[in-house]
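Overview (structure and organization)
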Protein chains: 2
Amino acid sequence: MKRGGNNVASQDHPLGYLLRQLELYCDLPPEDRQLVLELPHRLRRLDAASYLVREGDKPTNCMVLASGYAFRQKVTGKGSRQILAVCIPGDAVDLQNMFLDVSDHSVQLLTQARVADVPREALQKLVLSRPAIGTAIIQLTLVEASILREWVVNVGRRDARERIAHILCEFAVRLESRGLTGDQGFELPMTQEQLADATGLTSVHVNRVLKGLEADGLISRKRRHIHYDNWRALQDAGDFSRRYLHISDHDTLAQSY
Amino acid sequence: MKRGGNNVASQDHPLGYLLRQLELYCDLPPEDRQLVLELPHRLRRLDAASYLVREGDKPTNCMVLASGYAFRQKVTGKGSRQILAVCIPGDAVDLQNMFLDVSDHSVQLLTQARVADVPREALQKLVLSRPAIGTAIIQLTLVEASILREWVVNVGRRDARERIAHILCEFAVRLESRGLTGDQGFELPMTQEQLADATGLTSVHVNRVLKGLEADGLISRKRRHIHYDNWRALQDAGDFSRRYLHISDHDTLAQSY
DNA sequence: CGTTTAATTGAAAGCAGTCAAACTATGTGG
DNA sequence: CCACATAGTTTGACTGCTTTCAATTAAACG
């Protein structure tokens, strides 16, 4: 059940990760794979904290993260920020904007990144004319929605410890599914304040919870690196089940811990 | 800029509301309109509290609410419930399941309802073969995702009063956009406990907040009926802006209050 | 009408927030 | 190479919004 054949492209081609992500959910015929890789695009290198999209924008491109991390966010009237999603390499940053005219949230880089700008129309056309690509993009969109639902649950019905443990598990599995993790751990590209904005907490409390998880032997930390000392217990602490990520088992090794 | 021509169908045909909803975001050519209305479907009448979908199901139909209300929900390991969305008449209940094989959440009826079951494949085929319909369905999906993002903000970064005011505003505008509201108010088809599960609060506190909003002259209530006494103030109290609903202004009258 | 479900109210407890300060790491320029 | 600046982490004390628990009232239902 390997998805071989395009792994080479993943590493070099700016859209390789995108292709790989599309094929996570359904196989593409060879000619569709070609069409994806041949999408017109312009590659930019951007600094950390750059905005890719601002709420209210009328975007003309669909951006793909060739490398680096980003997050979606919204700011309330009182000025507090809520992070809505974390984008990892290969993510198409604004499928949203491909079919809606005004962006309803902002996207900001977490790290320095390479971003491929694909003209909106080119991707649109592919989605509407190639059933396999259309299916794959729709599935991507639906999985993003599923993750959003889980975030609503996380923020609405879990306590601080559960929220943090849950989001750590989510990262672990998502990164793993794209081969971006190290040995039983990963580089968390966020400050504790950003983690707080993603979980509806304050940075002070995130700090306390992280120390608690560490004290209980679930994780250990060095700088921004998270190591799971007890993956099973971390999942339990976070009420985490991978089902909502819709990643088939053979796409990741995480369950072997 | 009227979307006339299919208003008659909306009232009678089980899929009329769906068609109307599709056309909210982009116009369909007449033959596509025909194809939507000619979708094979079976109509069922179900009691309140019936499940339309259960988490883990592998559904074969896409259900459309011809009448009645429903909500999406997930239950945590500790047994608390989070409501993720409220479906109103005309909503396609599981676009999710149309392109994903396993449902990641449950859908339960709020009221007695008429539900049209459309075979998954029939709708899929239409989406992938008719660009206008594909575009409309994708837009619908994206708007749902946008609403989810706003819910994350609501639950993550707003206090109890703001959350309740916000969700009331959202109902008002969504119902209005489908012509389901009365005079400066609407029938809220939820108990206070369900409202609590939608906002990440407890029913006790929802009650206190509702009474607070009433005491401050923002709303008045009779049974489940909500009347906005001061629409402007209610929006302010809820930090509400309709942008995330992606409803064009001429599709609703709400802003005239 | 009795029974069940939902709404309401009060008192007490607790989780997380706020405020403030100290500490650490990283980076810069002299 | 060190002093200084900046950004992020850590810690403590106190406050407060919401929850919890419990009891009462009101509405819906057979």
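The numbering scheme is per chain: residues are counted from 1 as the chain's sequence reads. All chains are assigned letters beginning with A, and all ligands numbers beginning with 1, in the order in which they are written. It should be noted that, the model being predicted, local features are given only for residues of pLDDT at least 70 and side-chain atom pairs only at 80 or more, the latter also being counted only at that level, while totals for whole chains, interfaces and linings use all residues. Each side-chain value is worked out from all heavy atoms of the structure, with water and hydrogens disregarded.

1. A short note on the environment of B:Ala122
All names here are of chain B. Helix numbers and strand numbers start at the N terminus; a helix is a DSSP run of H or I with at least 4 residues, a strand a run of E with at least 2. Examined against the element boundaries, Ala-122 turns out to sit in helix H5 (residues 120–129). With a 1.4 Å probe rolled over the protein chains alone, any residue whose accessible area is under 20% of its type maximum counts as buried; one over 50% counts as exposed, and the rest are partly exposed. Judged by relative accessible area, Ala-122 falls into the partly exposed class, the value being 23%. Residues Ala-122 and Asn-61, spaced 61 residues apart in sequence, show a C-alpha to C-alpha distance of 9.3 Å. By the convention used here, residues are in contact when the closest approach between their heavy atoms is within 4.5 Å. Setting aside residues no more than four positions away along its own chain, Ala-122 makes contact with Leu-39 and Pro-40.

2. Considering the protein's contact with DNA strand D
Taken together, 17 residues surround DNA strand D, and among them A:Gln192, A:Asn207, A:Lys211, B:Ala160 and B:Arg223 come closest. We define proximity as follows: a residue is near a molecule or strand when any one of its heavy atoms falls within 4 Å of that partner. In DNA strand D, atoms within 4 Å of the protein come 79% from sugar and phosphate. Interatomic distance of 2.8 Å between a side-chain N/O atom of A:Lys211 and a phosphate oxygen of DNA strand D. For this analysis, a polar contact is any N or O atom pair within 3.5 Å, provided that within protein one partner can donate a hydrogen and the other can accept it, and provided that sequence-adjacent residues contribute only side-chain to side-chain pairs. Contact between DNA strand D and A:Arg221: a phosphate oxygen at 3.2 Å from a side-chain N or O atom of the residue. Mapped by element, the contributors of at least two residues to the surface near DNA strand D are helix H9 (203–215) of chain A together with helix H9 (203–215) of chain B. With 4 residues, H9(A) is the largest single contributor of residues to the surface near DNA strand D. Its residues assigned to classes, the surface near DNA strand D comprises 4 nonpolar, 6 polar and 7 charged. Three categories are distinguished: nonpolar for Ala, Val, Leu, Ile, Met, Phe, Trp, Tyr, Cys and Pro, charged for Asp, Glu, Lys and Arg, and polar for the others, with Gly belonging to the last.

3. What about the relation of the copies chain B and chain A?
Least squares is used to superpose the copies, and the fit set is the C-alpha atoms of residues whose pLDDT is at least 70 in both copies. Structural alignment of chain B on chain A gives an RMSD of 0.0 Å, achieved by rotating through 180° and translating 0.0 Å along the axis. The two molecules are tied by a two-fold rotation axis, judged by turn and shift.

4. Comments concerning the sheet that holds strand S7 (residues 113–119) of chain B
All names here are of chain B. Only strands joined by at least two bridges in the DSSP assignment are considered to pair. Taken in spatial order, the 3 strands of this open sheet run S1-S7-S3, and their pairing is antiparallel. Edge positions in the open sheet fall to strand S1 (42–46) and strand S3 (61–67), since each of these has one partner strand only. Each strand of the sheet is rotated relative to its neighbour by a mean of 30°, with strand direction disregarded. Of the pairings in the sheet, the one linking S1 to S7 comprises 5 bridges and is antiparallel in character. In the sheet register, Arg-45 faces S7, and the bridge partner there is Arg-114. Between N-to-C directions, angles cover 0 to 180 degrees, with each direction set by a line fitted to C-alpha atoms, over the stretch in contact for helices. Contacting S3 and S7, H5 crosses the sheet at an angle of about 70° to S7.

5. Re the packing of helix H7 (residues 160–177) of chain B against H9(B)
Residues and elements named next belong to chain B. Viewed as axis vectors pointing N to C, H7 and H9 meet at an angle of 75°, and their least axial separation amounts to 9 Å. As the angle between them shows, H7 and H9 are arranged roughly perpendicular. Seen from H7, the contacting residues are Ala-160, Arg-161, Ile-164, Ala-165 and Leu-168; seen from H9, they are His-205, Val-206, Val-209, Leu-210, Gly-212 and Leu-213. Grouping the constituent residues of the contact of H7 with H9 by class yields 8 nonpolar, 2 polar and 1 charged. When describing relative orientation, an angle under 35 degrees is termed roughly parallel and one over 145 degrees roughly antiparallel, while 65 to 115 degrees is termed roughly perpendicular and anything else oblique.

6. Structural notes on the side chain of B:Asp117
Residue and element names in this part refer to chain B. With respect to the helices and strands, Asp-117 occurs in strand S7. Separated by 2.6 Å, the side chains of Asp-117 and Arg-44 make a polar contact. Residues contacting Asp-117, with those up to four places away along its chain left out, are Pro-40, His-41, Arg-42, Arg-44, Asn-61, Cys-62 and Met-63.

7. Some words on the pairing of strand S5 (residues 81–87) of chain B
Residues and elements named next belong to chain B. Judged by how many residues are buried, S5 sits mostly within the fold: 7 of 7 residues are covered. Relative to S5, strand S4 (residues 70–75) is paired through 6 bridges, and the arrangement is antiparallel. Across the sheet, Phe-71 pairs through a bridge with Val-86, a residue of S5.

8. Re unusual backbone geometry
You will see that A:Ala49, though not glycine, has its phi angle at about 75°, which is positive. Judged by its relative accessible area of 43%, A:Ala49 is partly exposed.

9. Regarding the domain arrangement of chain A
Residue and element names in this part refer to chain A. An automatic or database domain assignment supplies the residue ranges for each domain. Here chain A is partitioned into domain 1 (8–147) and domain 2 (158–256). The distance between the C-alpha centroids of domain 1 and domain 2 comes to 23 Å. Counting residues at the interface gives 21 residues for domain 1 and 20 residues for domain 2. For the pair domain 1 and domain 2, the two sides together bury roughly 1900 Å², of which 57% comes from carbon and sulfur. Once two parts are joined, some of their accessible surface, as seen by a 1.4 Å probe, is lost; buried area is that loss totalled over both. Considering only the side of domain 1, the residues that lose the most area to domain 2 are Leu-24, Ile-88 and Ile-147, jointly responsible for 27% of the buried surface there. Salt bridges are defined by distance alone: a side-chain nitrogen of Lys or Arg within 4 Å of a carboxyl oxygen of Asp or Glu. Here domain 1 and domain 2 share 3 salt bridges between them. A salt bridge links Arg-81 to Asp-197; the shortest N-O distance between them is 2.7 Å. The interface formed by domain 1 and domain 2 contains 9 residue pairs in polar contact (both at pLDDT 80 or more).

10. Considerations on the packing of aromatic side chains
Think of a pair of aromatic rings as described by two things: how far the centres are apart, and how the planes are tilted against each other in angle. When two rings of Phe, Tyr or Trp (its six-membered ring) have centres within 6.5 Å they constitute a pair, described as stacked for plane angles under 30 degrees, edge-to-face for angles over 60, and tilted for the intermediate range. This model, assessed by the stated rule, comprises 8 aromatic pairs over all chains. With centroids separated by 6.0 Å and ring planes inclined at 45°, the aromatic side chains of B:Phe186 and B:Tyr228 adopt a geometry described as tilted. With B:Phe186 in strand S8 (residues 185–187) and B:Tyr228 in strand S10 (residues 225–228), this residue pair connects regions lying 42 residues apart in the sequence. Judged on exposure class, the residue B:Phe186 and its partner B:Tyr228 are both buried. The positively charged end of A:Arg54 is found above the aromatic ring belonging to A:Tyr51, 3.8 Å away from the centroid. The criterion is that NZ of a Lys, or CZ of an Arg, lies within 6 Å of the ring centre and within 35 degrees of the ring normal, and then a charge sits over that ring.

11. Concerning the packing of helix H6 (residues 131–157) of chain A against helix H7 (residues 160–177) of chain A
The axes of two packed helices give the description: the angle between them and the distance between them. Residue and element names in this part refer to chain A. Axis separation between H6 and H7 bottoms out at 9 Å; the angle between their running directions is 160°. Classified by the interaxial angle, the pair formed by H6 and H7 is roughly antiparallel. As H6 packs across H7, the resulting crossing turns out to be right-handed. From H6, Ile-147, Glu-150, Trp-151, Asn-154 and Val-155 reach across to H7, where they touch Glu-162, Arg-163, His-166, Ile-167, Glu-170 and Arg-174. Here the residues of the contact of H6 with H7 sort into 4 nonpolar, 2 polar and 5 charged. Each crossing gets its handedness from the near helix: less than a right angle anticlockwise from the far helix is left-handed, clockwise is right-handed.

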